[in-house]
Every structure is written in structure tokens, then in C-alpha cells.
Amino acid sequence: MTSRRNFIKAAGTVTAGIAATSSASEVLAAGAKEAAPKKYSGPHQMPTKVTLLSMLNEDGTETLGAKTASAVVDIRKAAKLLGMAAPLTLEELLREGNASGLNKLIAAAQSSSKAKPALLDESKITHGRLFTNPGKIVCIGLNYRAHVAEAAMKLPSVPILFNKYNNALAAHNCTIKLPPREVSYKFDYETELLIVMGKKARNVTEAEALNYVAGYCTSQDFSARDLQLETPSVQWMVGKTLDNFGPIGPYFVSADVVGDPNNLNIETYVNGEKRQSSNTSFMIFNPQKLIAYISKLWTLEPGDIIWSGTPEGVILGLPKEKQVWLKAGDEIVSSIEKLGDLKFKLA
Ligand code: MG
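Rules and cut-offs
- Residues numbered from 1 in each chain as written.
- Predicted model: local features only at pLDDT ≥ 70, side-chain atom pairs only at ≥ 80, totals over all residues.
- Heavy atoms only, no water.
- Pairing = 2+ DSSP bridges.
- Helix = DSSP H or I, 4+ residues; strand = E, 2+ residues; numbered from the N terminus.
- Axes fitted to C-alpha atoms, helices over the stretch in contact; angles between N-to-C directions.
- Buried < 20%, exposed > 50% of the residue type's maximum accessible area, 1.4 Å probe, protein only.
- Contact = heavy atoms within 4.5 Å.
- pLDDT = per-residue confidence, 0-100.
- Donors = N, O, S within 2.8 Å, 3.2 Å for Na, K, Ca; no water.

Peer 1: For this particular structure, what's the right way to read the sheet that holds strand β16 (residues 273-279)?
Peer 2: Working definition: the strands of a sheet are paired by backbone hydrogen bonds and lie parallel or antiparallel to each other. Strand order in this open sheet of 5 strands is β8-β19-β18-β15-β16, and the pairing throughout is mixed. Edge strands, defined here as strands with exactly one partner in the open sheet, are β8 (174-176) and β16. Neighbouring strand axes in the sheet, compared pairwise and without regard to direction, differ in orientation by 20° on average. Pairing of strand β18 (residues 331-336) with strand β19 (residues 340-346), which is carried by 6 bridges, proceeds in the antiparallel orientation. Opposite E331, over in β19, you have K345 as the bridge partner.

Written as C-alpha cells, this is what we have:
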């Protein structure tokens, strides 16, 4: 741990030019900004025993919060107050593998009076994006039998893969600004279990696949059906990656806390009305099968994310005369057991 004296010394070195004209507290603040914490160089560790969220800060940054029984620990603030190094974003945590640093900081923040200002009331937090720059965003189509049937499509013999881009990544409580009608108007929901990779995976077997998973999130594969299916040919990616068409959250829950990902209730509500209600046990290709299959094609890296497909109950699955597409003003809730309720609005 960096002592206060060493910290001030280091701050003074970095900001020697400023020190001549500034007060000690100003130097400390400037030093804290410029002196980057030492990068973690230990063994790669997967996150355990954590439920994390992303906070949108006043300075525009998005940094980690850790949900505990009594409060949310503002990781950036706690690290600064306690002089401890810890990953400040979920992607940093997954890539650096400094899970013990994070857990130590969470524990210290709860027991030290110095860190009290870093303990926040969750209801007052503005959520940021859990992911901003994943290496890969892999999405799976037609992965629940009843959804394949309602979409009147053929049962896939291997997982159907498509992708989103980073522009689609969005936060819990976000608002999706819908494009003008001439671009698209057939908007539909798809609640999905998001699989978050925690270790490099290449040619892994189904039996070992879940050992490579860091955790899970509730997510939406928000879709523009006209762009997806009528452009004029089928172009799944086009209908799936408009700005903010991939909300994720509110939490990342580590795999050890979730346990078996193959038996989680999954639901969608539109303006309070239940539209989707299924269970991840009905996936055609479960998370183990998906990871084994994808890792035969290419390397999966820590921080890569996989949208694992949606169950039945989407608007596309209704008879044509009953299809009422989503519109501005609608409020959607995606809910997955153990992972929390992801909320967003349309405008
Ligand atoms: Mg989908």
C-alpha cells in the first residue's frame, strides 16, 4: 500500500512545476490525477464473489461500483481515499485479472471510516455502460426451440452467429433514440443471457467451457425487424447494431455467484405487460456448447461478450395482424433470475 507520505512525495515529483505556486492540497489533487496507479502484474484471476455495476460520473467517465448488502462502493473514489490500486472498469478487471485487488478494496472500503464518502446509495447512481470496448461481440440467433417455431424458421444444426458493434453498447436506464420511420419502424425486444468471458479460450471442450466464463448479465438484443429481414435480403447484423441497440445491466454478476447458467428464468415486460417468459434451460445450444463451438472458430479473450439468444414471445412471432411494433415512449424491462432487471426507454 502507498503511504500518504510517499504518495505526497510522488505527487510532488510529478507536479514539481505546479508545486511552486500551489497549495499542498492542490498538488495532492493534481498528483492523484497524473500519477497513474501501478499496473497489476500478478497471475490472472477471475472475478469472484462480486456483483458489479458501472457508474456514469460527473466528469463523463464510467467506472466500477461494487454492490454490497448495505451500499455501493464507488471503486475509483475508494481507491483514491485508501491509496489502494484496483481496476476501475469491468473491462480492466477482466483483462488485467486483478480480482484480488478489487476484493481487497471492497472489503477495506466497508471497514474503514476514511472510505465513507465512497459508500453510495444505489438509487442515486446514474448507471454507465458495463462494456465500452470489448474485443468481440458475438450474438447467437434462433437459440430457443419455441422462438424458432414462432419465427417460422428452420431449427439450426449449429449455432447461428452474427455481431453487434461498440456503438450498440448501452447502459441500464438508457433511452434508445429510434431512427426515423423511413430508416426503420419494426422495433422488437429480445431479452438474453449475456455470457462474459474471463479467460482466453481456444478449442475448449463443453466440459471445461464454463471455467472460462467470468460472469453473466441481463441484456437486450434490441432489433429492427425490417432492417434485419427485409433489406431486401436477410441482414441480421444491420437490424441489430443501431446506436444503443444493446443495453446491458444493471449488474455483472460473477459466475461463482450465479452458479448454473442453465436454469435461470428469463422475462420481458413492455409497459408493465409480460411478453416473454421462459428459462435458459430451453436453449438449443447452452453456454457450454456455444463456447466450445465458437472457440473452435476463433480465440475468445477476457472481456469478449456473447448474447446467447432470445426465447419466444417476441413481436415478430405474432400473427401479422397482431404485430404492434415498439414505439417512442415504450418502457421495457428485461429480467433474468439472479442477474437483475434491465430497464430502458424508447424515444
Ligand atoms: Mg437475439
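Peer 1: Honestly, helix α12 (residues 287-297) in this entry has me stumped. Any pointers?
Peer 2: It helps to recall that an α-helix has 3.6 residues per turn; residues three or four apart then point in one direction. Listing the buried residues of α12 in full gives P287, Q288, L290, I291, A292, I294 and S295. Looking at the buried positions of α12, the neighbouring elements they touch are β5 (137-141), β6 (160-163), β10 (191-197), α8 (206-209), β11 (213-220) and β17 (305-307).

Peer 1: Quick question: what am I supposed to make of the confidence of the model for the protein here?
Peer 2: One rule of thumb: low pLDDT means the predicted coordinates there are not for detailed reading. Of all residues in the protein, 89% have pLDDT values of 70 or greater, and the mean over the chain is 91. Here residues 1-32 is modelled with pLDDT under 50, and outside its nearest four sequence neighbours on either side it reaches 24 contacts, counting other chains as well.

Peer 1: Sorry if this is basic, but what is going on with the coordination of the magnesium ion here?
Peer 2: Metal coordination angles in their ideal form are 109.5 degrees for the four-donor tetrahedron and 90 or 180 degrees for the six-donor octahedron. Of the protein atoms, only E190 (OE), E192 (OE) and D221 (OD) coordinate the magnesium ion, at distances of 2.0 to 2.1 Å. Residue classification places E192 among the buried positions, given a relative accessible area of 0%. By relative accessible area, D221 is classed as buried at 0%.

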